[in-house]
Every structure is written in C-alpha cells, then in structure tokens.
Amino acid sequence: MKTYYINAEIFRGDHFEKGVLAVEDGRFVEPGTPVGDERVVDLEGLTLLPGLVDVHVHFREPGFTEKETILSGSRAAAHGGYTTVCTMPNLNPAPDAPETLERQLEPICRDAVVRVVPYGCITRGQKGCGELVDYPAIAAQVVGFSDDGRGVQEESLMEEAMRRVAATGKAVVAHCEVNDLLRGGYIHDGVYCREHGHKGICSESEWQQVERDIRLAEKTGCQYHVCHVSTRESVELVRQAKARGLKVSCETAPHYLLLTENDLQEDGRFKMNPPLRSVEDNLALINGIIDGTIEVIATDHAPHTAEQKSRGLQGSAMGIVGLECAFALLYTYMVKRGVISLEKLVELMSVNPSRLFSLGEGLRVGAAADFTVMDLNAESEIDPSHFLSMGRSTPFAGWKVSSKTMLTVVGGNIAYKDEQMQIIK
C-alpha cells in the first residue's frame, strides 16, 4: 500500500519546491493518484528533507547503559530528525573483533528505531596504541574505523593502520589529540582559562596530529576524516589537503559554530572535548563551512549521568548531548541570520555525510524512504527535560529556536511523530 506525502516544500538538491512524495514497501516510488485505502499525509506549511545523518554519536551500549542505550539514543535521533547515525567505539567491550562487535549489533538489531551503523576500533581495546585490529574481519559491518576519544599516538602505528584500512575501502576517522600536549587541561588554553585559574588544552594538541595524519593519508592513499575540528589551524590544514586532491574530509559540531570560550560558565554542561575555542577559531570554522572545507556537521552526542555532569568545569565528564536540538539551533542561528542557506545546512547534515560514508541516496525514486519533516515556523525553547535521550547536559538549555521535528520516517516506517501530526486514512 502506498503512502502519499502531499503539499510539502521538498528539498530538490539546489532548491525547495512544493510537491508530492510516494512511499511503498519502504522505498520512494513514482507518485500517482491515491486510490482505495492508500494513506495520505498532508504536509501543508511544512518542509520535507532527506533524513539527517550524524556520523559521530555515542550510544553507550554495551557497557555504559546508565548513560544511554541503543533504544534511548535512537529515539533521540528520530526526535531530532535523524534517520542514520554512526556510533563511536568507546564501549565495553570495544568493537575490535567480530565477537565484540556482535555485542553492539545485537541491541541495534533489537531496539534501534533509526539506522545505527557502528565504527570499529583502530587499535585493540580502543587504546590508541598497541595492537591493530583485524580490519577485514569486521569491515563489512562497520562504517569506518576510529579510536574516538583517543588519538593514535605513534606515527608508525597510524601509518600501518591507514595502509590496512585503505585495503578495506573504509575510512580512518580520527580523534586528533597529542597526549603529551594535554598537560592535565580540560578547557581551551585561552583568556577564560587563565582568568579563572583552570588548566588549558592548547590548540596544537589537535592540529599537530591533524597535520601528521594528513601527511600519512597522502602517503598511504587512505580515506581520512577528522572528527570535531575546533581550531583555525586544523581548518587550514584540511583546506590545503583538499586543494591537493587528497581524500581528506572533516566535521565540526554545532557548539563550535555557535559558542566560544567567551560563553563558558562554571558548569559541566560547557565541558566537552575538544573544548570551546576562541572567537578567531569560531570564525575560521564558519568560513570553513561556507567555503566547503568543512563538509559535515556532526553532534558528537555524548550523554553522561546527571551526577557525572554536576562537578563543574574541572571535575565533570567530557561531553554534551546534541541530537535533539542540533538542526533547530543551526537553522535558527545560522540560516535565519543569513550565515548559510537552508540548502547548505541540508548538505552539511544529510547530503555530504551520506555521500562521504555511503549512507543513503536521498529522496530519489528507488531509494530507501528515509526523510524528516520540519515545521520551520514553530517557535519553542530548548528544554532538556523533554529530551528522549537519557542525557540532559547541553549548553543550549533555554535557547529559543524556530524549528520543530514533526515526522521522521525510516525505511517507510514512522520512527517519530509529533502529537500534532495528522495522517488521513
């Protein structure tokens, strides 16, 4: 039986136009005229986008289900308009072999309401050192390989990892951090840090490893993606690599685009890794978004318990949640303010991550029916108590936004529906 989605403003690559989409057996089909008991969903006044794709989330299962589960994390994703997410491997056990990966795949198959695709580890135990993983043994079931949360410290080890991963056709997705440069820091080594007596994380701890890895990616031919870039030096290094034609890409996160060290408060909800950087770094990230150097916005959704985020900047766990407010924030504070277009935002949050990681085919006939419907005129205030994630820590609590997810459909099935959505028949 077909379902027709009518009267929506539909994303058509470089523009939006009013139209109709039809779905049958989980895929987009050529629309016709509804007959008999076929369903009709009237989307008058709403905007239909290809499903959002987040290539950097933490769902904490197995091992840390007091923070998040596959079920709660995927429900949060659907609430935010995401149809596909890629989960990082800092789990217990870490997915470094077929048997440990299966511990994650089991709850994904059982509980996920969106498409959840895991990363495999670069090193055994996700330690950033030691023994490399048998990449071919798990390559077919992962989106790429990462030790997110730990940078691979030894150059020769990373070079060999890239050579082996390149043979699988997957990407190395790197958390770039030089341990010797951290020196106990936990926020950006800037003005706020010095004025308030904190220990700082220098920018070089990130960009020095980005520089090394780009050189190794050129040497090995590996597809290389940099996680959560936060410094102007990292942006420039990626820009130069892309100009040389290397298979290099990167992502940043909403908090690095909308906040700086000037917004810091003595509160754990402002603590993440990498940290909020300077105004100059923020401007470089925005320019990187505009000129195409940064192709992806990912949330780095990282839930922790309330107690773990209650210890201030020094003592709280690193990480904030973001799946349920990312699109609304970026639409409100970047699109509506004229920094980027809505089309550009969809590229950053859906089209580009899908293309780079082979995660979807958009709204074309024959593709899986993964899409989201937004009310871009719905005004509200970000209230973490309404999140479906088990995590509640966000620096954006109380921010006013002008977008709301009304419907998220994955493979033709409704993963999330706002209570105000009406389905005819």
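Preceding this section is the structure that the text describes.
Here is what the cut-offs are and how they apply
Residues numbered from 1 in each chain as written. Predicted model: local features only at pLDDT ≥ 70, side-chain atom pairs only at ≥ 80, totals over all residues. Heavy atoms only, no water. Helix = DSSP H or I, 4+ residues; strand = E, 2+ residues; numbered from the N terminus. Contact = heavy atoms within 4.5 Å. Phe/Tyr/Trp six-rings, centres within 6.5 Å; stacked < 30°, edge-to-face > 60°. Buried < 20%, exposed > 50% of the residue type's maximum accessible area, 1.4 Å probe, protein only. Disulfide = S-S within 2.5 Å. Pairing = 2+ DSSP bridges. Axes fitted to C-alpha atoms, helices over the stretch in contact; angles between N-to-C directions. Lys, Arg positive; Asp, Glu negative; His and termini not counted. Salt bridge = Lys/Arg side-chain N within 4 Å of Asp/Glu carboxyl O. Core = buried A, V, L, I, M, F, W, Y, C linked by side-chain atoms within 4.5 Å.

**Observations concerning the side chain of Asn352**
Consideration 1: Following the sequence through the fold, Asn352 ends up in helix H12 (residues 342-357).
Consideration 2: Those residues in contact with Asn352 that sit more than four places away from it in its chain are Glu295, Val296 and Glu347.

**Remarks on the packing of aromatic side chains**
Consideration 1: Enumeration over the complete set of coordinates arrives at seven aromatic pairs.
Consideration 2: For the pair Tyr5 and Phe371, a centre-to-centre distance of 4.8 Å together with 75 degrees between the ring planes defines the contact as edge-to-face. Note that Tyr5 is positioned in strand E1 (residues 3-11) and Phe371 in strand E16 (residues 371-375), a separation of 366 residues in sequence. Take Tyr5 and Phe371: they sit in the same class, and that class is buried.
Consideration 3: An angle of 5 degrees between the planes, with centres 6.3 Å apart, marks the rings of Phe327 and Tyr331 as stacked.

**A closer look at the state of the cysteines**
Consideration 1: Inspection of every chain in the model, using the stated rule, returns zero disulfides.
Consideration 2: Not engaged in a disulfide, the cysteine Cys202 finds its nearest cysteine sulfur in Cys193; these two sulfurs lie 11 Å apart.
Consideration 3: Cys250 takes part in no disulfide bond, and the closest cysteine sulfur to it belongs to Cys176, at a distance of 10 Å.

**Re the sheet that holds strand E8 (residues 115-118)**
Consideration 1: Strands sit in the order E6-E7-E8 across an open sheet of three strands; the sheet is parallel. Edge positions in the sheet fall to strand E6 (52-57) and E8, since each has one partner strand and no second. Recorded for the sheet is a direction-independent mean angle of 20 degrees between the axes of neighbouring strands.
Consideration 2: Here helix H2 (residues 98-111) sits on the sheet and contacts strand E7 (82-87) and E8; the angle it forms with E8, its principal contact strand, is near 175 degrees.

**Some thoughts on the side chain of Asp375**
Consideration 1: Inspection of the secondary structure puts Asp375 in strand E16.
Consideration 2: Although Asp375 is buried, it forms no salt bridge, and the closest oppositely charged side chain is Lys404 at an N-O distance of 7.0 Å.
Consideration 3: Apart from residues lying up to four places away in sequence, Asp375 is in contact with Leu46, Ser402, Ser403, Lys404 and Met406.

**Points about the environment of Ile297**
Consideration 1: You can see Ile297 is positioned in strand E15 (residues 296-297).
Consideration 2: Between the C-alpha atoms of Ile297 and Arg277, which are 20 residues apart in sequence, the distance is 17 Å.
Consideration 3: Non-local contacts of Ile297, meaning those with residues more than four positions away in its chain, are made with Thr252, Ala253, Pro254, Leu257, Ile289, Leu330, Leu345, Leu348 and Met349.

**Description of unusual backbone geometry**
Consideration 1: In the segment running from Asn92 into Pro93, the intervening peptide bond is cis, with an omega of 5 degrees.
Consideration 2: Tracing the backbone shows Pro93 in the loop between E7 and H2.
Consideration 3: Although it is not a glycine, Asn7 adopts a positive phi angle of roughly 70 degrees.
Consideration 4: Along the chain, Asn7 turns up in strand E1.
Consideration 5: Of note, the phi angle at Ser358 is positive, near 55 degrees, even though the residue is not glycine.

**Concerning the nonpolar core**
Consideration 1: Formed by 96 residues in total, the largest nonpolar core has its most connected members in Val85, Ile214, Tyr224, Phe327, Leu345 and Met349.
Consideration 2: A total of nine residues in this core trace back to one element, the largest contributor, which is helix H11 (residues 326-335).
Consideration 3: In this structure, Met349 is in contact with Leu52, Val53, Tyr82, Ile297, Ala326, Phe327 and Leu330, ignoring residues within four places of it in sequence.
Consideration 4: One finds Tyr5, Val41, Ala369 and Met406 within the second-largest nonpolar core, a separate group that totals 19 residues.

**Comments concerning the pattern of salt bridges**
Consideration 1: Considering all chains together, one arrives at 24 salt bridges under this definition.
Consideration 2: Salt-bridge contacts for Glu106 lead to Arg110; the nearest nitrogen and oxygen are separated by 4.0 Å. Placement of the pair is Glu106 and Arg110 together in helix H2, with a separation of four residues, close to one helical turn.
Consideration 3: Salt-bridge contacts for Lys219 lead to Glu159; the nearest nitrogen and oxygen are separated by 3.2 Å. Taken as a pair, Lys219 in helix H6 (residues 204-220) and Glu159 in helix H4 (residues 155-166) lie far apart in primary sequence, 60 residues in all.
Consideration 4: In this structure Lys219 comes out as exposed when scored by relative accessible area, which is 54%.
Consideration 5: Residue Glu159 is classed as buried on the basis of its relative accessible area, which comes to 15%.
Consideration 6: Beyond isolated ion pairs, a larger network of salt bridges with shared partners links Glu61, Glu106, Arg110 and Asp111.

**Quick word on the sheet that holds E15**
Consideration 1: Taken together, five strands build an open sheet; the order of strands is E9-E10-E13-E14-E15 and the sheet is parallel. The open sheet has two edge strands with one neighbour each: strand E9 (144-145) and E15.
Consideration 2: Of the pairings in the sheet, the one linking strand E13 (residues 223-226) to strand E14 (residues 248-252) comprises three bridges and is parallel in character. Looking across to E14, one finds that Val226 is bridged to Cys250.
Consideration 3: The strands touched by H6 within the sheet are strand E10 (171-174), E13 and E14, with E13 carrying the most contacts at an inclination of about 165 degrees.

**A look at the pairing of strand E19 (residues 404-410)**
Consideration 1: In terms of burial, E19 is a largely internal element, six of the seven residues being buried.
Consideration 2: Looking at chain direction, E19 and strand E20 (residues 413-417) are connected through four bridges and run antiparallel. Among the inter-strand pairings, Leu407 is bridged to a residue of E20, identified as Lys417.
Consideration 3: The turn joining E19 and E20, which pair antiparallel and follow one another in sequence, is formed by two residues; a positive phi near 60 degrees is taken by Gly411.

**Observations regarding the pairing of E1**
Consideration 1: In terms of strand pairing, E1 meets strand E4 (residues 39-42) through four bridges, oriented parallel. The partner of Tyr5 across the bridge, within E4, is Val41.
Consideration 2: Bridging between E1 and strand E2 (residues 16-24) involves seven bridges; their strand directions are antiparallel. Across the sheet, residue Tyr4 finds its bridge partner in E2, namely Ala22.
Consideration 3: For E1 and strand E5 (residues 47-50), the ladder comprises two bridges, and the chain directions are parallel. Across the sheet, the residue bridging to Ile10 is Leu48, located in E5.

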